[in-house]
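Commentary on secondary and tertiary structure
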Amino acid sequence: MRTAVIGCGYVGLTTGLTLAELGYDVVLVDTDKRKLSAVREGRSPFYEPGVDELLKKHFKAGTLRTMDDALEASRWAEIVFIAVGTPSREDGSMEDRYIREAARQIGRSLKSARGFRTVVVKSTVVPGTTIGTIRSALERASGKRAGKGFGLAMCPEFLREGSAMQDSLHPDRVVVGTLDDRSFETMSKLFSPLGSIILRTSPTAAEMIKYASNTFLATKISYVNEMSRLCEKLGVDVYDVMEGVGLDKRISPHFLRAGVGFGGSCFPKDVSALIHVAKGLDEPTPVMDSVMRTNDIQPRHLVDVLERMLGTLKKRKVTVLGLAFKPDTDDVRETRSLPVIKALIRRGAEVGGHDPKAALNFRTIAPDMTFFDDAATAIEWADAVVLMTEWNEYRSIDWGQHKYLKAIIDGRRTIDPSRLGRIKYWSMGSPLP
Ligand SMILES: NC(=O)c1ccc[n+]([C@@H]2O[C@H](COP(=O)([O-])OP(=O)(O)OC[C@H]3O[C@@H](n4cnc5c(N)ncnc54)[C@H](O)[C@@H]3O)[C@@H](O)[C@H]2O)c1
């Protein structure tokens, strides 16, 4: 089967490589020429384990190609995936201009296309977008009707950065939202080699499944963080408490780790977009509103505790270890390190930062701070350390050798406190120091 993927970001590249692994011919398209030339050279434009190897493998085998023209790629492909970004606007609503432009280009290709083509929306779009904005743009540009002249499906992506290939090749489920049987059959045939459950829904239900899943996961995190602040004051450890809570089969032990809150390109943006949709429907959203509020409390809370541990933050040197929003990625979108660093600077601290992969990206959004190339130098420079991302290399730090270090706050329960000697240590969710 000939497939094309429009948008070569985390989702587009992973989708393209998954399709190539399944044995299909794939063309990757992006408007960003630098991204495309990196991909052509077998280099992922972002850090993601396993991607470079698969790029090299499939370019060599000839199953993967790139094109900078969505029109040409869509003319060639039988199935075209839309995987462009849907970032937040200032008011929290979803920015749909990349989606509209991609749909318009694909629509133009459908005009002259022979044979049945299927357009698949992979991007996260607010409920109603596929059968609304996207269908209109495709129909207007092609002069054909969705479901008759071409197929249309909404297939949300559930991958996690840092384990994107693994998640994409072994999904818990494949959701296919479509109005026409032919598109469903095409998608079933395409994805059946994955061996996962394929769930058929309407396009709007598929869109809502993605938002409802992300909102649920974000809610779990904010819930555990609220419990965490209570536990800290009650003198118990929230990790002990959640071990007991998670044994309840109705709850499950996953996603019950307290910390500095959620970041990344999905949870904050998707919860905000759904709140915005609900406003338009005149429906109150007290749960989602407080999920976001709790997420804003955690970074401030961490800085409050550090201030108490050091007496003052004025002129204190604080190193932030970890700038990516999670380990095994260089993505810094909505990283919790940013509000922590801003709060530290506001209270008079000098801030240093280190990240094994994300420092370059963080520089583009960083306030006035110092960057270090290696973690040991960054720690040696500091009066205190805040651990924000649980990179593996931070687990093996020899803390004992840093004689001037006074305090550590562990935002991700990564450090073994038995190896710290006289350094003051506090991990979020444990009794307050
Ligand atoms: N990143 C994730 O972990 C993740 C997980 C699940 C779903 N999603 C969703 O998938 C979508 C893509 O996310 P991402 O993180 O891959 O975004 P991204 O910003 O990393 O990549 C989007 C790419 O699309 C390209 N693009 C924009 N308009 C284009 C056009 N007209 N033609 C060709 N290329 C175009 C951009 O240059 C960019 O490279 C979003 O809707 C996101 O919410 C992301």
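Placed above this text is the structure.
Now for a quick tour of the structure. In this text, all values refer to a predicted model and were calculated from it rather than measured experimentally.

Parameters at a glance
Residues numbered from 1 in each chain as written. Predicted model: local features only at pLDDT ≥ 70, side-chain atom pairs only at ≥ 80, totals over all residues. Heavy atoms only, no water. Helix = DSSP H or I, 4+ residues; strand = E, 2+ residues; numbered from the N terminus. Rg over C-alpha atoms; globule rule 2.2 N^0.38 Å. Buried < 20%, exposed > 50% of the residue type's maximum accessible area, 1.4 Å probe, protein only. Contact = heavy atoms within 4.5 Å. Near = heavy atom within 4 Å. Areas by Shrake-Rupley, 256 points an atom, 1.4 Å probe, with all protein chains shown as cover. Nonpolar A, V, L, I, M, F, W, Y, C, P; charged D, E, K, R; others polar. Pairing = 2+ DSSP bridges. Axes fitted to C-alpha atoms, helices over the stretch in contact; angles between N-to-C directions.

**Looking at the overall build of the chain**
The helix and strand inventory of the chain stands at 15 helices and 14 strands. In terms of overall dimensions, the chain is globule-like: its C-alpha atoms have a radius of gyration of 23 Å, near the 22 Å expected for 433 residues. Going through the 433 residues of the chain one by one, you find that 55% of them count as buried. Restricting the contact set of the chain to residue pairs at least 6 apart, pairs at least 24 apart contribute 70%.

**Section: the site of the ligand**
Around the ligand lies a shell of 27 residues, among which Asp-30, Lys-35, Thr-86, Glu-161 and Lys-269 are the nearest. For the ligand, whose free accessible area comes to 840 Å², the fraction covered by protein is 90%. At the level of secondary structure, the elements contributing two or more residues to the shell around the ligand comprise helix H1 (10–21) and helix H5 (97–112). Top contributing element to the shell around the ligand by residue count: H5, with three residues. Looking at the shell around the ligand residue by residue, the class counts come to nine nonpolar, nine polar and nine charged.

**Observations regarding the sheet that holds strand S10 (residues 350–354)**
Within the open sheet, the six strands sit side by side as S11-S10-S9-S12-S13-S14. Their pairing is parallel. Every other strand in the sheet has two partners, leaving strand S11 (370–371) and strand S14 (424–427) as the edge strands with one partner each. Here strand S9 (residues 317–321) runs beside strand S12 (residues 384–387); their pairing, made up of four bridges, is parallel. Within S12, the position partnered with Leu-321 by the bridge is Leu-387. Against the sheet, helix H13 (residues 337–346) makes contact with S9, S10 and S12, and its axis sits at roughly 180 degrees relative to S9, the strand it touches most.

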